[in-house]
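# Chain and residue survey
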Amino acid sequence: MIKLESKIPQGPLADKWNNYKSHLSLVSPANKKKLDIIVVGTGLSGASSASALGELGYNVKVFCFQDSSRRAHSVAAQGGINAAKNYKNDGDSVYRLFYDMIKGGDFRAREANVYRAAEVSNLVIDHFSAMGVPFARDYGGGLDTRSFGGVQVSRTFYAKGQTGQQCLLGTYSSLNRQIAKGNVTLYTRRDMLDLVMVDGKARGIITRNLLTGELERHSAHAVVLATGGYGTVFYLSTLALGSNSSAAWAAHKKGALFANPSFIQIHPTSIPVLNDYQSKLTLMSESLRNDGRVWVPKEKDEKRKPNDIPEEDRDYYLERRYPAFGNLVPRDVASRAAKERCDAGYGVGDTGLSVYLDFKDAINKQGEKVIADKYGNLFEMYEKITGINPYREPMRIYPAGHYTMGGLWVDYNLMTTIPGLYSVGESNFSDHGANRLGASSLMQCSGDGYFILPYTIGDYLSDEIRTPRFSTDTPEFEEAEKEVKERIARVMAVNGTQTVTSFHRRLGKILWDSCGMVRSKEGLEKGIEMLDQLEEEFWKEVKVPGTADEYNQELEKALRVADFFEVGRLMCQDALDRDESCGAHFREEFQSPQGEAQRNDAEFAHVSAYEYAGNKQKPVLHKEPLVFENVELKERSYK
Amino acid sequence: MNFKLKIWRQKNAATKGKFEDYTLNDVSPEMSFLQMLDYFNDKLITEGGQPVHFEHDCREGICGSCGLYINGRPHGPLRNTTTCELHMREFEDGSTIVIEPWRSRAFPIIKDLVVDRSSFEEVMLAGGFVNINTGGALDANTTPINKKISDRAFDAAVCIGCGACVAACKNSSAALFVSAKVSQFAMLPQGKTEAAERVEKMVAKMDDMGFGFCSNTYACEFDCPKGISVEFIAQMNREFFSAKVCSHKK
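Residues numbered from 1 in each chain as written. Chains lettered and ligands numbered in written order. Predicted model: local features only at pLDDT ≥ 70, side-chain atom pairs only at ≥ 80, totals over all residues.

## Remarks on the overall build of chain A
Scanning chain A for helices and strands turns up 17 helices and 20 strands. The globule rule puts the C-alpha radius of gyration for 639 residues at 26 Å, and the 24 Å found for chain A is close to it. Summarising its shape, the C-alpha atoms of chain A cover approximately 75 × 60 × 50 Å along the three principal directions. The 639 residues of chain A split such that 61% are buried. (Helix = DSSP H or I, 4+ residues; strand = E, 2+ residues; numbered from the N terminus. Rg over C-alpha atoms; globule rule 2.2 N^0.38 Å. Buried ≥ 20, exposed ≤ 12 C-beta atoms within 10 Å, placed from the backbone.)

Below, the structure is given as structure tokens:
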């Protein structure tokens, strides 16, 4: 029987982490060299984990599916990274950052974890700066900041619209430094297909070499998953096309509980769907809402071009509904508000599924040059994709699947329910509750990897110093590899008539409709039924050309999509079980007369963590109660 | 829109490759170039063929995975644009589109349009970092950096490592790629301390990996999807020269 122990330390909130890390067991430098750690993923959380652990002297193996560790999708984060520096003297503090995240997450995150994330945020900025990350600066030479949604201070550090790229490349350089020193070995073009357990502990992984198709075994004293989110389950999302959930899902099947799977952030400002073959939705950074104003026409069936519609015929609906935060309301609120206007018939564009994001006032006030300095690359990106110049005409935007707050359940040490298996960054569930605030993802990923995991993993490994390096010629590795081989053979053998992508597209549509921005009991039940049918069809009709022992991109996709059916079902199940609306999880049945989310703290102030019970079997729900000692649970209002 | 496609097909590194001709009809001008290839691959697969392998990931011009040589130019006809950001409306209906992998000795072909760019990684491993450990960094604002210098370092730091500069260069020189990293760190106080050792090591590794010399044709700048300036090559040369003349080893 799995027991959820969050292992939150005793003591006052502000002292928990400091006291706790001062008392964690250590591993001596000589012993660290004898301990192997596997890190899967080279995004911000994986690369920072691997480089920090390498610096400590552990023997680290790090894996990615791309050809280089510099390409992981953290690279695409645009707007910024939060820290409680209070450089602007605007009243910011660790507590305020903590509070904003707890409230932004609609009171569905653990206080202690969130406070710690806020606490280490300042270290992250100092470290990046010391590594030569070229953050934006003001004329005095100090770091500049800007505002993001859901907060009333300016704490977001940035490097134009490429903050993720600059943070990731900084971390990539620190990882390279450890690779050059021989502390870390990098394996590129590898998919992790299974987790290997020995005596109930995570002891290794099975990977597939994507160029040769060869299955490989790797052993270690501990395994760290830094494998990102599962937003590509929607097919159309802001994620990279290779982003997938297979490694995390393999761990889930081996006993790691999956927490809050239905908490998926739909980002409000993506470029809308333009054609049927669309493979990807491109994000326009939330930072644009600092200066852009969101509106739709006041009349349905408005035929005039946006620039011809006078002020009095425009409905700045965010400013109207949420005067305190205006265009900078959190993402879940902004997304639903856009959907509400479009569903009511006020949407713009050919499909009626978009709203305007207008920079006219900002350009008139600040001048085109200032706006270009702040958002130049985003404006160019928009023009390339749509052919429309946003300096002259408002952007059209619509919400898109973006970030998964849900993920592998972890305790305060970032360890999953499998001993020795850790999860960092987006792949865990821990810091964002039911909705993530902008610019706190880069912050969490780097905090986890640089400043939290290196402490907590040592505590576990201090008990492992007597475990010698072990061979992969054991029945456990044999068995895991055999299972993977059979799974690959099974998907190759179908030899049907439909492409993997066609299934993925249909799968995404089902989930977007049933488990997207708005959910209902009826819709979710129907969604699960449709997923079951589609999965059956997949295993009869999918066509994977080529062979399994060569570079085969279709096979890679097929294995990922096969897992997405199960992930999608778990999302729907969680959304069904949670009879309330909170953050990104909005159940039609639970809303106020004004259409705002209605939480049910009496029954649902808990983390829902699911235990795998077999495919198409109802998963076992475990609840971790959320205790709020430092903030008062109240209605989340941005009005 | 309808197109004739001329695509480089090669089963693997060991087999010889060749151009294959295809026709593709009913392409929407709204499609991105890679969506057009997805659509083409879907057709190939359903007709029993083997899909064309190409690399891609973020599809928003930032990961640097995609890189195709389109009608004789890296990333196609538009300036400051990656392959994934290119759209079919840029092509003339009925025209022939030639699609090749990067052509350079330092980037061997793996399959179809996929090449091995690990030589870039080797150059980075030689010194593309600041030697600083995690923890112990001073407050970020204790080191003020002139805004102009910081912005300039950022202009160099936006390199996505796609390899277009090498593909564009008749000598297969990696000078633009290497100079971007050398310059970024040389300009910032955090990277200055090790600037001399860094440039020597990275340039030596660049030569080892089989990249050619720079002969200042500026083709790299012209085809760089991120608009990185050849001025950074000049800066790298200055850094290199001063490292050699005022050798830190003395």
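Still more ground to cover, so stick around.
## Quick notes on the overall build of chain B
Helix and strand content of chain B: nine helices and seven strands. Dimensions of chain B along its principal axes, counting C-alpha atoms only, are 65 × 40 × 35 Å. Across the 250 residues that make up chain B, the buried fraction comes to 55%.

## Thoughts on helix α1 (residues 33-46) of chain B
Compared with an ideal rise of 1.5 Å per residue, which puts 14 residues at 20 Å, α1(B) spans 20 Å between its outermost C-alpha atoms and is within 8% of the ideal. Within the sequence span of α1(B), burial applies to B:Phe33, B:Leu34, B:Gln35, B:Met36, B:Leu37, B:Asp38, B:Tyr39, B:Asn41 and B:Ile45. As for α1(B), its buried residues are in contact with α14 (500-515) and α16 (553-577) of chain A. Residue B:Gly48 follows α1(B) closely and has a positive phi angle near 90°. (Expected span 1.5 Å × (residues − 1). Contact = placed C-beta atoms within 7 Å.)

## Quick look at helix α4 (residues 94-104) of chain A
All names here are of chain A. Of all eleven residues that make up α4, eight are buried, and the element is covered over most of its length. Taken residue by residue, α4 has Val94, Leu97, Phe98, Asp100, Met101, Ile102, Lys103 and Gly104 as its buried positions. Lining the buried residues of α4 we find β3 (81-82) and α5 (111-130). Positioned one or two residues after α4, Asp106 has a phi angle of 55°, which is positive.

## Quick look at the interface of chain A and chain B
In many reports, interface size means the accessible area that the parts give up when they come together. Counting residues at the interface gives 63 residues for chain A and 59 residues for chain B. At the level of secondary structure, the elements contributing two or more residues to the side of chain A that touches chain B comprise α3 (44-56), α5, α6 (163-181), α11 (368-386) and α16 of chain A. Here the side of chain A that touches chain B gets nine residues from one element, more than from any other, and that element is α6(A). Here the side of chain A that touches chain B is built from residues that sort into 24 nonpolar, 26 polar and 13 charged. (Nonpolar A, V, L, I, M, F, W, Y, C, P; charged D, E, K, R; others polar.)

## A word on the nonpolar core
Residues and elements named next belong to chain A. One finds Val224 and Leu225 to be the most contacted residues of the largest nonpolar core, which totals 279 residues. No other element matches the twelve residues that α16 contributes to this core. In contact with Leu225, other than residues within four places in its own chain, are Val40, Gly41, Ala247, Ala248, Ala251, Leu408, Leu421, Tyr422, Ser423 and Ser427. (Core = buried A, V, L, I, M, F, W, Y, C linked by C-beta atoms within 7 Å.)

## Observations regarding the sheet that holds strand β4 (residues 145-146) of chain A
Residue and element names in this part refer to chain A. Here three strands make up an open sheet; going across it, the order is β3-β5-β4 and the pairing antiparallel. In this open sheet, the two edge strands, each paired with only one partner strand, are β3 and β4. Where β4 lies against strand β5 (residues 156-157), two bridges are found, and the strand directions are antiparallel. Residue Thr145 lies in a different strand from β5, and its bridge partner there is Phe157. (Pairing = 2+ DSSP bridges.)

## As for the environment of A:Tyr346
Residue and element names in this part refer to chain A. Checked against the element boundaries, Tyr346 lands in the loop between α9 (331-343) and β15 (355-358). Between the C-alpha atoms of Tyr346 and Glu299, which are 47 residues apart in sequence, the distance is 6.9 Å. Apart from the residues within four sequence positions on either side, Tyr346 is in contact with Val296, Pro297, Lys300 and Arg341.

## Quick look at the sheet that holds strand β4 (residues 73-74) of chain B
Residues and elements named next belong to chain B. Within the open sheet, the five strands sit side by side as β2-β1-β5-β3-β4. Their pairing is mixed. Each end of this open sheet is capped by a strand with a single partner; those strands are β2 (18-24) and β4. Across seven bridges, strand β1 (residues 3-9) lies against β2 in antiparallel orientation. Paired with Phe3 across the bridge in β2 is Leu24.

## Considerations on the domain arrangement of chain A
All names here are of chain A. Taken domain by domain, chain A comprises domain 1 (267-401) and domain 2 (475-625). The C-alpha centroid of domain 2 is placed 31 Å from the C-alpha centroid of domain 1. At the junction of the two partners, domain 1 supplies six residues and domain 2 supplies six residues. When its residues are assigned to classes, the side of domain 1 that touches domain 2 shows one nonpolar, one polar and four charged. (Domains from an automatic or database assignment.)

## Some points on unusual backbone geometry
Excluding glycine, a negative phi dihedral is what most residues carry, and trans is how most peptide bonds are arranged. Residue and element names in this part refer to chain A. Phi at Asp301 is positive, roughly 55°, even though this residue is not glycine. With respect to the element layout, Asp301 can be found in the loop between β13 (293-297) and β14 (314-315). Among the residues examined, Asp301 registers 8 C-beta atoms within 10 Å and is labelled exposed.

## Brief notes about the domain arrangement of chain B
All names here are of chain B. As assigned here, chain B comprises domain 1 (3-111) and domain 2 (117-245). Each partner contributes to the interface: domain 1 provides 18 residues, whereas domain 2 provides 17 residues. Looking at the side of domain 1 that touches domain 2 residue by residue, the classes come out as seven nonpolar, eight polar and three charged.

## Examining the packing of α14(A) against α16(A)
All names here are of chain A. Their axes nearest at 10 Å, the elements α14 and α16 cross at an angle of 15°. Between α14 and α16, the interaxial angle falls into the category roughly parallel. Taken as a pair, α14 and α16 cross one another with a handedness that is left-handed. In contact with Val500, Thr501, Phe503, His504, Leu507, Leu511, Ser514 and Cys515 of α14, α16 contributes Glu554, Lys557, Ala558, Val561, Phe564, Phe565, Gly568, Met571, Cys572 and Ala575. Of the residues contributing to the contact of α14 with α16, the split by class is twelve nonpolar, four polar and two charged. (Axes fitted to C-alpha atoms, helices over the stretch in contact; angles between N-to-C directions. Parallel < 35°, antiparallel > 145°, perpendicular 65-115°, else oblique. Left-handed = near helix turned anticlockwise from the far one by under 90°.)

## Quick notes on the environment of B:Gln190
On the secondary structure map, B:Gln190 appears in helix α6 (residues 189-192). Not counting chain neighbours up to four residues away, the residues in contact with B:Gln190 comprise A:Ala130, A:Met131, A:Gly132 and B:Val130.

## Observations concerning the packing of helix α3 (residues 147-157) of chain B against helix α5 (residues 175-187) of chain B
All names here are of chain B. Remark: α3 packs on α5, axes separated minimally by 8 Å, with the N-to-C direction vectors making an angle of 160°. With respect to α5, the axis of α3 lies roughly antiparallel. Crossing geometry of α3 relative to α5 is assigned as left-handed. Contacts from Ile149, Arg152, Ala153, Ala156 and Ala157 of α3 reach α5 at Ala180, Ser183, Gln184 and Met187.

## Quick word on the pairing of β13(A)
Residues and elements named next belong to chain A. Of all five residues making up β13, four are buried, and the element is well covered by its neighbours. Bridging between β13 and β15 involves three bridges; their strand directions are antiparallel. By the bridge assignment for β15, Val294 is matched with Leu357. Bridge count for β13 against β14 is two bridges, and the pairing is antiparallel. Following the sheet pairing, Val296 is matched in β14 by Asp315.

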